[in-house]
Amino acid sequence: MPVDYEINAHKYWNDFYKIHENGFFKDRHWLFTEFPELAPSQNQNHSADLHTENKRSEVPGCRRSEDGPDLIIDQHKCSSNSLGHKTQTLPVEENVTQKLGHLEICADEFPGSSATYRILEVGCGVGNTVFPILQTNNDPGLFVYCCDFSSEAIELVQTNSAYDPSRCFAFVHDLCNEDKSYPLPSNSLDVIILIFVLSAIVPDKMQKALNRLSRLLKPGGMMLLRDYGRYDMAQLRFKKGQCLSENFYVRGDGTRVYFFTQDELDTLFTTAGLEKVQNLVDRRLQVNRGKQLTMYRVWIQCKYRKPLPSSTGS
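On a predicted model such as this, the values are computed, not experimentally measured, just so you know. (Residues numbered from 1 in each chain as written. Predicted model: local features only at pLDDT ≥ 70, side-chain atom pairs only at ≥ 80, totals over all residues. Heavy atoms only, no water.)

Visitor: Tell me what's going on with helix α7 (residues 151–158), and back it up with residues and numbers.
Guide: Within α7, burial applies to Ala153, Ile154, Leu156, Val157 and Gln158. Capping the start of α7 is the job of one residue whose side-chain oxygen sits 3.2 Å from the backbone nitrogen of Glu152: Ser150. (Buried < 20%, exposed > 50% of the residue type's maximum accessible area, 1.4 Å probe, protein only. Helix = DSSP H or I, 4+ residues; strand = E, 2+ residues; numbered from the N terminus. Polar contact = N/O pair within 3.5 Å; in protein donor to acceptor, adjacent residues only side chain to side chain.)

Visitor: Kindly report on the packing of aromatic side chains, identifying the contributing residues and their values.
Guide: Across all of its chains, the model carries ten aromatic pairs by this definition. Pairing Tyr228 with Phe259 gives two aromatic rings, centres 5.6 Å apart and planes at 55°, and the pair type is tilted. Pair noted here: Tyr228 is in strand β5 (residues 217–228) and Phe259 is in the loop between β8 (256–258) and α10 (262–271), with a separation of 31 residues, a long-range link. Centre to centre, the rings of Phe238 and Tyr249 are 4.7 Å apart; their planes meet at 10°, and the pair counts as stacked. A residue pair is termed long-range when its members are at least 10 positions apart, and Phe238 in the loop between α9 (233–236) and β6 (243–245) and Tyr249 in strand β7 (residues 248–250) qualify at eleven residues. There is no split in this pair, since Phe238 and Tyr249 are both buried. (Phe/Tyr/Trp six-rings, centres within 6.5 Å; stacked < 30°, edge-to-face > 60°.)

Visitor: Pulling in residues and values, what's your account of helix α8 (residues 206–216)?
Guide: Where burial is concerned, most of α8 is hidden: eight out of the eleven residues are buried. Among the residues of α8, those classed as buried are Met206, Gln207, Ala209, Leu210, Arg212, Leu213, Ser214 and Leu216. Considering only its buried residues, α8 is in contact with β1 (117–122), β4 (189–195), β5, β8 and α10. (Contact = heavy atoms within 4.5 Å.)

Visitor: Before we move on, can you summarise unusual backbone geometry with the specific residues and values?
Guide: Unlike most non-glycine residues, Phe196 shows phi in positive territory, near 50°. Note that Phe196 resides in the loop between β4 and α8.

Visitor: Got a sec to walk through the environment of Tyr145? Specific residues and values, please.
Guide: The topology assignment puts Tyr145 in strand β2 (residues 142–148). Sequence separation of Tyr145 and Ala170 is 25 residues, and the distance between their C-alpha atoms is 5.9 Å. In this structure Tyr145 touches Phe110, Pro111, Gly112, Ser113, Arg118, Ile119, Leu120, Glu121, Phe169, Phe171, Leu184 and Leu189, once residues within four positions along its chain are discounted.

Visitor: Would you mind going over the confidence of the model for the chain in detail, with residue names and values included?
Guide: Taken over all residues, the pLDDT of the chain has a mean of 77, while the share at 70 or more is 68%. The secondary structure element of the chain with the lowest average pLDDT is helix α4 (residues 52–57), at 36, and the one with the highest is α10, at 98. (pLDDT = per-residue confidence, 0-100.)

Visitor: Hey, could you go over the pairing of strand β9 (residues 275–288) for me, with residue numbers and the actual values?
Guide: Where β9 meets strand β10 (residues 293–305), 13 bridges bridge the pair, whose relative direction is antiparallel. Across the sheet, Val287 pairs through a bridge with Thr294, a residue of β10. (Pairing = 2+ DSSP bridges.)

Visitor: I'd like to hear about the nonpolar core, residue by residue, with values.
Guide: By size, the foremost hydrophobic cluster in this structure holds 38 residues, and its most contacted members are Leu120 and Leu213. At the level of secondary structure, the elements contributing two or more residues to this core comprise β1, β2, β3 (168–172), β4, α8, β5, α10 and β10. Tallying contributions element by element places α8 first for this core, with five residues. In contact with Leu213, not counting residues within four places along its chain, are Leu120, Val122, Tyr182, Ile192, Leu194 and Met223. (Core = buried A, V, L, I, M, F, W, Y, C linked by side-chain atoms within 4.5 Å.)

Visitor: Describe a nonpolar patch on the surface, with residues and values.
Guide: Taken together, the side chains of Leu285, Val287 and Tyr296 define a hydrophobic patch exposed on the protein surface, amounting to about 320 Å² of accessible area. Following the sequence through the fold, Val287 ends up in strand β9. The partly exposed category is assigned to Val287, whose relative accessible area is 47%. (Patch = residues over 30% accessible without salt bridge, like charges linked within 9 Å, V, L, I, M, F, W, Y side chains within 5 Å. Areas by Shrake-Rupley, 256 points an atom, 1.4 Å probe, with all protein chains shown as cover. Salt bridge = Lys/Arg side-chain N within 4 Å of Asp/Glu carboxyl O.)

Visitor: A description of the pattern of salt bridges should follow, citing residues and the corresponding values.
Guide: Here the structure, examined in full by the defined rule, presents seven salt bridges. Across the salt bridge formed by Lys303 and Glu37, the nearest N and O atoms sit 3.2 Å from each other. Placement of the pair is Lys303 in strand β10 and Glu37 in the loop between α3 (31–34) and α4, with a sequence separation of 266 residues. Both residues of the pair, Lys303 and Glu37, belong to the buried class.

Visitor: Which residues make up the sheet that holds β2, and what values go with them?
Guide: Here we have seven strands laid out as an open sheet, ordered β3-β2-β1-β4-β5-β10-β9, and mixed in their pairing. On the outer flanks of this sheet lie β3 and β9, each paired with one strand and no other. Neighbour to neighbour, the strand axes of the sheet diverge by 15° on average, direction disregarded. In terms of strand pairing, β2 meets β3 through five bridges, oriented parallel. (Axes fitted to C-alpha atoms, helices over the stretch in contact; angles between N-to-C directions.)

Visitor: Could you give an account of the sheet that holds β7, naming the residues involved and the relevant values?
Guide: The strand order across the open sheet built from three strands is β6-β7-β8, with neighbouring strands paired in antiparallel fashion. This sheet does not close on itself; its edge strands, each paired only once, are β6 and β8. Averaged over all adjacent pairs, the angle separating strand axes in this sheet is 30°, with direction ignored. Pairing between β7 and β8: three bridges, direction antiparallel. The residue of β8 that forms the bridge with Val250 is Arg256.

Structural data, given as structure tokens:
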């Protein structure tokens, strides 16, 4: 049966999004409090109306902002999109993805190649991270990529009224597929976001997936993660028959989840060649007054940076 969950993983996630569409999660406006790297630079001059000189002189890097919205406590998988108006589908995007997937990407022929600050979210779902970023960060040099295992999820992103192909590129991608490349070159991303996604894949495939993502980061680029911690309430509520392997479980809908320790994540990131900036446990007590439930949540939040080239010998 565990093999069935792996072979049919795409089916279980497609079914999930067919059922819930974009009504299951809430938009992650807490993002900018926890990850200010995703917000516009505090010193950005918004009145300088997209002058080319300003774009070229901007130094891409970690954005800092003290103005992020207050943290909203996330429920279950922590998010949803309130923007649900549908527009026409964008088959051109899919064609570009297919073509780029089989090419050696050159520096001047990929979506967002002229951007000065590039963000990729892996496991984007219906856009609950991507759309708040696009709405909050109006940096003209920003370009956001987002991918998901589920074609249903990507269709919901592309048909959302907030989807802007001039600032965003959504594509279907299996981060465990070693034979399929990302549609952008190595050393091209400033930030990679992994929010409640690494936990959804088989533990023995996590390291290679992170290794491939690490190669996409620019030197100095950051990988941001928020995921389930060991002994989170969700783990304690699983029945014995739902445990596939140590700390790895299957939900009733066939989707799977792993519960991490800080040391496990540190090993994964450092083995991928990244340096620790932050690795913390976020423990929260949530009260559902309607159901009169008290829930003890455990999440882990990480920031790891790709090292800058060594300056020895200069």
